[in-house]
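# Breakdown of the fold
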Amino acid sequence: MEGHIAPRWGSALVLALVCGCGGPSAQGPRVTGPYVRPRWGPAAQAERATLPDPARGEPVRLEELLAWADRHAPDVRVAAAGLARADAAREAAEPLLPGNPSVGVGAGPRVTPGGTGVDVETSLSQPFEIAGERGLRFDVADRVAERLVAEVTRARWRVHARVHAGYHRALVERERLEAAVRLVDFQQQLLDIAERRLAAGDVSPLVVRLAEGEAALAHQRRIAAAQTYEAARLVLAEVAGWPLAHPPEPAGSTERPRPLPPRSRLLEVMAAHQPVQAAARARVEEARARLRLADREAWPEPELGVTWHREGGPNETENVVLGRLSIPIPLWRRNQGQRAEARAELELAEAELDALESRLAAQLARAVSAVEAAAERVALYGTEILPSFERNLDMLRRAYELGEIDALDVSVAVERFLRTQSEALDAQADYFDAVADLEEILGTDPWPEEHHGEHDAAEHTAPVEIAPGEGS
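Everything numeric here is computed off the predicted structure, so don't read it as measured data.

## Description of the overall build of the chain
A tally of helices and strands in the chain yields 13 helices and six strands. Counting across all 472 residues of the chain, residues that qualify as buried make up 43%. Considering only intrachain contacts with a sequence separation of at least 6, the fraction spanning at least 24 residues in the chain is 81%.

Below, the structure is given as structure tokens:
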């Protein structure tokens, strides 16, 4: 459709349409800076903690390592780098009009019976939107920002849980190393006793050979335990983003198992804090926003323009100014491809959210069962594993030195003590791994005193901005 409109009315129409095409949601909140740091419980605590200095090589407390990981963990930094996509989406929505203006120039001879002249024509046109697409693009950018922030939160909490588990596993492996060192001293003492008894004629040389073999085996166990402890520290450094030149050495000792809250309470906590579920919901909202935009972009984009035409005759020249409004007829192209793709993405996001919600309850039940079973195993062995192991070795040494038991009895007893000690340490490691899995499913620490109230929860989920490069 094309018509002639006076120039002043054409300009007024362009101004009115430009001012109105943004839509009511065009002035959404801006996502500024490359790193939007969401505040949740452990992250807020980490921001208040003092970062340790890896170069000093001093033992690191758990809260210090969590603070370091929150700033330097590779998974967190990758997720935070993705926040630049929110800036890109906002920048893509910024242009006021959907396309650039077009300028056309034409010239040619005019041949009439009275003579020949020259006609010149110049046109200027601008497409615009009439369905509020720009405002919907800002809405999509906001939903993208919400999803990316949710993914950063998910990455940060996963790192928190992995550091928590890795820290205690390193403590367990350190205790295993200390027991191996103690066993080396014990076997060396037995070898000294055997050599003295051989010199006194109380035992045969075979007993000394047996003691030498047991001492060599103890040294091998110590080497293996030292390597396992070093590997646990390196894994912890990898998860936390700690310099590998100085792997973190955990301070303190392992925590005692604590009884879990009721399962109904844990379900409530999971519903309020689960970061994977929050990210899935954000993906659904983003897909819905993209579908609304795709539907709205099926509307035609009119084009408003003005044409100046100079008619040159042999005797006189005329100037004609025309206003022009053209509207495409959406007959064949109605953005079918993008609309179908947006509908498919929404269906997929909703299906993933439904599947996740149906799995979470079962995952929580399994995690709770694993924590409770591991806690029962730890309770059977007790938490003072190394002191008990040392007392048993001291009693064996005294009994062997007094001749109450022979070398074979000592070897059998040591193997049993080692098996019990190893299983007790394995139970502790399994407990902390199970707690980490439960933390990851819940999205927060499982004990009530570590949960925040309604006011705190609202505060910790509000994003705050961080200056570019902070924490790098």
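## Thoughts on a nonpolar patch on the surface
Together, Val103, Val105, Leu124, Val306, Trp308 and Val321 line one region of the surface with nonpolar side chains, adding up to about 540 Å² of accessible area. Where the nonpolar patch is concerned, the elements lending two or more residues are β2 (102–112) and β4 (303–312). Looking at the element boundaries, Val105 is found in strand β2.

## Quick look at the pattern of salt bridges
Evaluation of the coordinates by the stated rule reveals 34 salt bridges. Residue Glu151 is joined to Arg147 by a salt bridge in which the shortest nitrogen-to-oxygen separation is 3.1 Å. Residue Glu151 and its partner Arg147 are located together in helix α6 (residues 133–199), separated by four residues, close to a single helical turn. Judged on exposure class, the residue Glu151 and its partner Arg147 are both buried.

## A short note on the sheet that holds strand β5 (residues 317–326)
The strand order across the open sheet formed by four strands is β2-β3-β4-β5, and the pairing between neighbours is antiparallel. Each having just a single partner strand, β2 and β5 make up the two edges of the open sheet. Across the sheet, the axes of successive neighbouring strands diverge by a mean angle of 15°, strand direction being ignored. In terms of strand pairing, β2 meets strand β3 (residues 115–127) through eleven bridges, oriented antiparallel. Of the residues in β3, the one forming a bridge with Val111 is Thr116.

## Remarks on the environment of Pro247
Mapped onto the fold, Pro247 is located in the loop between α7 (205–240) and α8 (263–273). A relative accessible area of 12% places Pro247 in the buried class. In this structure the C-alpha to C-alpha distance between Pro247 and Ala231, which are 16 residues apart in sequence, comes to 9.4 Å. Sequence-distant contacts of Pro247, that is, excluding residues within four places in its chain, are made with Glu230, Arg233, Leu234 and Trp242.

## As for unusual backbone geometry
Although it is not a glycine, Asn335 sits at a positive phi angle of roughly 60°. By the secondary structure assignment, Asn335 is in the loop between β5 and α10 (336–381).

## Section: the packing of aromatic side chains
Geometrically, a pair of aromatic rings is defined through the distance of the ring centres and the angle of the planes. Scanning the model with the defined rule gives two aromatic pairs in all. Between Trp68 and Trp242, the aromatic rings sit 5.1 Å apart at their centres with planes inclined by 55°, giving tilted as the arrangement. Within this pair, whereas Trp68 is found in helix α3 (residues 62–72), its partner Trp242 is found in the loop between α7 and α8, the two being separated by 174 residues in sequence. Across the pair, Trp242 and Trp68 agree in class, each one buried. Judged by centre distance (5.2 Å) and plane angle (70°), the ring pair of Tyr431 and Phe432 falls under edge-to-face. The pair Tyr431 / Phe432 is uniform in exposure class, with both members buried. Arg258 extends its terminal NZ or CZ atom over the ring of Trp447, reaching a point 4.1 Å from the ring centre.

## Let's talk about the side chain of Glu129
Looking at the secondary structure, you find Glu129 in the loop between β3 and α6. Of note is the side chain of Glu129, whose polar atom sits 3.1 Å from the side chain of Arg137.

## Structural notes on the packing of α6 against α7
Two measures define how a pair of helices packs: the angle their axes make with one another and the distance between the axes. One way to put it is that α6 packs onto α7 with a least axis distance of 8 Å and a crossing angle of 165°. Taken together, the axis directions place α6 and α7 in an arrangement best described as roughly antiparallel. Crossing angle aside, the handedness with which α6 passes α7 is left-handed. When the residues that make up the contact of α6 with α7 are grouped by side-chain class, the tally is 26 nonpolar, four polar and nine charged.

## Here's the deal with the nonpolar core
Grouped together as the largest cluster of nonpolar side chains are 30 residues, with contacts concentrated most on Leu364, Val371, Tyr431 and Leu438. Residue assignment for this core shows that the elements contributing at least two residues are α8, α9 (275–296), α10 and α12 (407–442). No other element matches the 13 residues that α10 contributes to this core. Once residues within four sequence positions are removed from consideration, Leu438 is found in contact with Leu260, Leu364, Ala367, Val368, Val371 and Pro446.

## Digging into the pairing of β3
In this antiparallel pair of consecutive strands, β2 and β3, the connection spans two residues. Two elements, β3 and β4, share eight bridges in a ladder whose sense is antiparallel. By the bridge assignment, Leu124 is partnered in β4 with Val306.

## Regarding the pairing of β4
Bridge count for β4 against β5 is ten bridges, and the pairing is antiparallel. Within β5, the position partnered with Gly305 by the bridge is Arg324.

## Remarks on empty space enclosed by the protein
Using the criterion set out here, one finds three cavities of 30 Å³ or more in the structure. At the level of secondary structure, the elements contributing two or more residues to the lining of the largest cavity comprise α6, α7 and α12. Of the residues forming the lining of the largest cavity, the biggest block, five residues, is contributed by α12. Residues that form the lining of the largest cavity fall into these classes: eight nonpolar, two polar and two charged. One number sums up the size of the second largest cavity: a volume of about 80 Å³. Elements that contribute at least two residues to the lining of the second largest cavity include exactly α6 and α12.

## Here we look at α8
Inspection of α8 places Leu266, Val269 and Met270 among the buried residues, and these make up the whole buried set. The buried side chains of α8 occupy one side of the element, clustering within an arc of 100° when seen end-on. α8 presents Glu268, Ala271 and Ala272 as exposed residues on the side facing more than 90 degrees away from its buried surface. For α8, the elements touching its buried residues are α9, α10 and α12.

Definitions and limits used
Residues numbered from 1 in each chain as written. Predicted model: local features only at pLDDT ≥ 70, side-chain atom pairs only at ≥ 80, totals over all residues. Heavy atoms only, no water. Helix = DSSP H or I, 4+ residues; strand = E, 2+ residues; numbered from the N terminus. Buried < 20%, exposed > 50% of the residue type's maximum accessible area, 1.4 Å probe, protein only. Contact = heavy atoms within 4.5 Å. Patch = residues over 30% accessible without salt bridge, like charges linked within 9 Å, V, L, I, M, F, W, Y side chains within 5 Å. Areas by Shrake-Rupley, 256 points an atom, 1.4 Å probe, with all protein chains shown as cover. Salt bridge = Lys/Arg side-chain N within 4 Å of Asp/Glu carboxyl O. Pairing = 2+ DSSP bridges. Axes fitted to C-alpha atoms, helices over the stretch in contact; angles between N-to-C directions. Phe/Tyr/Trp six-rings, centres within 6.5 Å; stacked < 30°, edge-to-face > 60°. Lys NZ or Arg CZ within 6 Å of the ring centre and 35° of its normal. Polar contact = N/O pair within 3.5 Å; in protein donor to acceptor, adjacent residues only side chain to side chain. Parallel < 35°, antiparallel > 145°, perpendicular 65-115°, else oblique. Left-handed = near helix turned anticlockwise from the far one by under 90°. Nonpolar A, V, L, I, M, F, W, Y, C, P; charged D, E, K, R; others polar. Core = buried A, V, L, I, M, F, W, Y, C linked by side-chain atoms within 4.5 Å. 1 Å grid on protein atoms, 1.4 Å probe; cavity = no way out; pocket = protein on both sides within 12 Å on 5 of 7 lines; lining within 4 Å. Points joined across faces, edges and corners; volume = space filled by probe spheres on them. Arc of directions from axis to C-beta.

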